[in-house]
Amino acid sequence: RFTHSQLRDLERLFQENRFPSLRVRRDLARWMGVDESDVQEWFKMRRALFRRHSRLMMFCELPPITENNSP
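Residues numbered from 1 in each chain as written. Predicted model: local features only at pLDDT ≥ 70, side-chain atom pairs only at ≥ 80, totals over all residues. Heavy atoms only, no water.

## Details of the nonpolar core
If you look at the biggest cluster of nonpolar residues, it comprises 11 residues: F2, L10, L13, F14, L28, A29, M32, V34, V39, W42 and F43. Counting only elements with at least two residues in this core, the list comes to α1 (4-16), α2 (22-32) and α3 (36-61). Look past the residues within four positions of L28 in its chain and what remains in contact with it is L10, L13, V39 and F43. (Core = buried A, V, L, I, M, F, W, Y, C linked by side-chain atoms within 4.5 Å. Buried < 20%, exposed > 50% of the residue type's maximum accessible area, 1.4 Å probe, protein only. Helix = DSSP H or I, 4+ residues; strand = E, 2+ residues; numbered from the N terminus. Contact = heavy atoms within 4.5 Å.)

## Let's talk about the pattern of salt bridges
Overall, the coordinates contain six salt bridges when judged by the stated rule. Here D27 makes a salt bridge to R23, at a shortest N to O gap of 3.9 Å. Here D27 pairs with R23, and both are found in helix α2, just four residues apart, close to one helical turn. Taking the relative accessible area as the measure of exposure, R23 reaches 65% and is therefore exposed. Residue D27 is joined to R30 by a salt bridge in which the shortest nitrogen-to-oxygen separation is 3.5 Å. (Salt bridge = Lys/Arg side-chain N within 4 Å of Asp/Glu carboxyl O.)

## Remarks on the environment of R18
Relative to the assigned elements, R18 resides in the loop between α1 and α2. A relative accessible area of 39% places R18 in the partly exposed class. Apart from the residues within four sequence positions on either side, R18 is in contact with F43, R47 and F50.

## Regarding the packing of aromatic side chains
Evaluated as defined, the whole model comprises four aromatic pairs. On the numbers, 6.3 Å between centres and 90° between planes, the contact of F14 with W42 is edge-to-face. Highlighted residues: F14 in helix α1 and W42 in helix α3, separated in sequence by 28 residues. Judged by relative accessible area, which is 14%, W42 ranks as buried. Look at W42 and F43: their rings are 5.0 Å apart centre to centre, the planes differ by 85°, and that puts the pair in the edge-to-face class. Members of the aromatic cluster, joined through ring pairs, are F14, W42, F43 and F50. (Phe/Tyr/Trp six-rings, centres within 6.5 Å; stacked < 30°, edge-to-face > 60°.)

If you want it as structure tokens, here you go:
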């Protein structure tokens, strides 16, 4: 759906702003020559991936659970 160059631009914008406004999405879509709905869907999916990755990192950083059997 997107070229490598377009994906690089989308990623750069995502790092700056995870929730671009309607106007920003429209301008970006027009500049890239794609539908605004494609840009909107890309941001939606990218945010989901970001949340999933953040949760995984949180679980990786948790200390191990130890059983305490002492009275």
